[in-house]
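Structure assessment
The primary structure of each chain is shown beneath.
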Amino acid sequence: MSNEIIIAGFGGQGVLSMGKILAYAGLMENKEVSWMPAYGPEQRGGTANVTVIVSDEPVSSPILSTYDVAIVLNQPSLDMFESKVKPGGAIIYDSYGIINPPTRKDIHIYKVDAMDTAAQLNMMKTFNMIVLGGLLKVRPMVQIEGVLKALKKTLPERHHHLIPMNEKAIEKGMEIIQEL
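A few points on the structure. Nothing here was measured: the structure is a model prediction, and the numbers come from that model.

Taking 1.5 Å of rise per residue, the 14 residues of helix H1 (residues 15-28) would be expected to cover 20 Å, and the 20 Å separating its terminal C-alpha atoms lies within 8% of that figure. Where H1 is concerned, the buried positions are Val15, Leu16, Met18, Gly19, Ile21, Leu22, Ala23, Ala25 and Gly26. Among the structural elements, strand E1 (2-10), strand E2 (32-38), strand E3 (47-55), strand E4 (67-72), helix H4 (127-138) and helix H5 (144-154) are those in contact with the buried residues of H1. Within two residues after H1, Asn30 carries a phi angle of roughly 60 degrees, on the positive side.

Applying the stated rule across the entire model yields six salt bridges. Lys111 serves as the salt-bridge partner of Asp113, at 3.9 Å between the closest nitrogen and oxygen. Close ionic contact of Glu175 with Lys172 constitutes a salt bridge, the shortest N to O distance being 3.4 Å. Taken together, the residues Glu175 and Lys172, both in helix H6 (residues 163-176) and three residues apart, mark about one turn of the helix. Take Glu175: its relative accessible area is 58%, and that puts it in the exposed class. The class for Lys172 is partly exposed, based on a relative accessible area of 26%. When salt bridges with common partners are traced through the structure, they connect Glu4, Asp68 and Lys86 into a single cluster.

Moving on, we come to unusual backbone geometry. Positive phi is not limited to glycine here, since Asn30 has a value of about 60 degrees. In this fold, Asn30 is placed in the loop between H1 and E2. Phi angles above zero are rare outside glycine, and Asn122 is one such case at about 55 degrees. Counting through the fold element by element, Asn122 comes out in the loop between helix H3 (114-120) and H4.

Conventions used here
Residue numbers here run from 1 along each chain, matching the order of that chain's written sequence. Only residues with pLDDT of at least 70 are given local features in this predicted model, and only at 80 or more are side-chain atom pairs given and counted; all residues enter the totals for whole chains, interfaces and linings. Remark: hydrogens and water are excluded; side-chain values derive from all non-hydrogen atoms of the structure. The secondary structure listing takes helices from DSSP runs of H or I that are at least 4 residues long and strands from runs of E that are at least 2 residues long, numbered from the N terminus. In this analysis, the expected span of each helix is defined as 1.5 Å times one less than the number of residues it contains. Think of it in three bands: residues with accessible area under 20% of the maximum for their type are buried, residues over 50% are exposed, and the middle band is partly exposed, with areas taken using a 1.4 Å probe on protein chains only. Contacts: residue pairs with any heavy atoms within 4.5 Å of one another. Note on definitions: salt bridges are taken to be side-chain nitrogens of Lys or Arg within 4 Å of carboxyl oxygens of Asp or Glu.

Function-wise, these values are silent; they only describe arrangement.
Quick look at the structure:
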């Protein structure tokens, strides 16, 4: 089974980190993965995106024109990627950054109120892990244990004390995601 995903939003929302952690989690579970970021000055507030493929089979190319899942965290990203989700695929979005929600009828549309939840829990730095939890609820391509191993691998050791908070955020995302 292959999952071809685009994660897009403003720089600073943890888009690239979310993709990297998802890719590392796939590696930790001996899956075939690809992680291809696209950014420039976006890291400082413009749009950034990352393509992640997690597959049981070898990945032939990291370059995609359509996706199984699009995670969009702002309106420009939704406008750019909504039409590129394969029929039967899914869009996951955080309503905080979306003015005009997705309208397609041939895909699954999920809302995860990650920004509001992160603020309520006073865990703003885990916004992206709440979104990742939502993704893993609707597309369980990797296990939470693999994500925690990936966090340990990608976070500097001085931040390892934050791993339990990130685990809580993932679990919260799994709880709050809803299909529209």
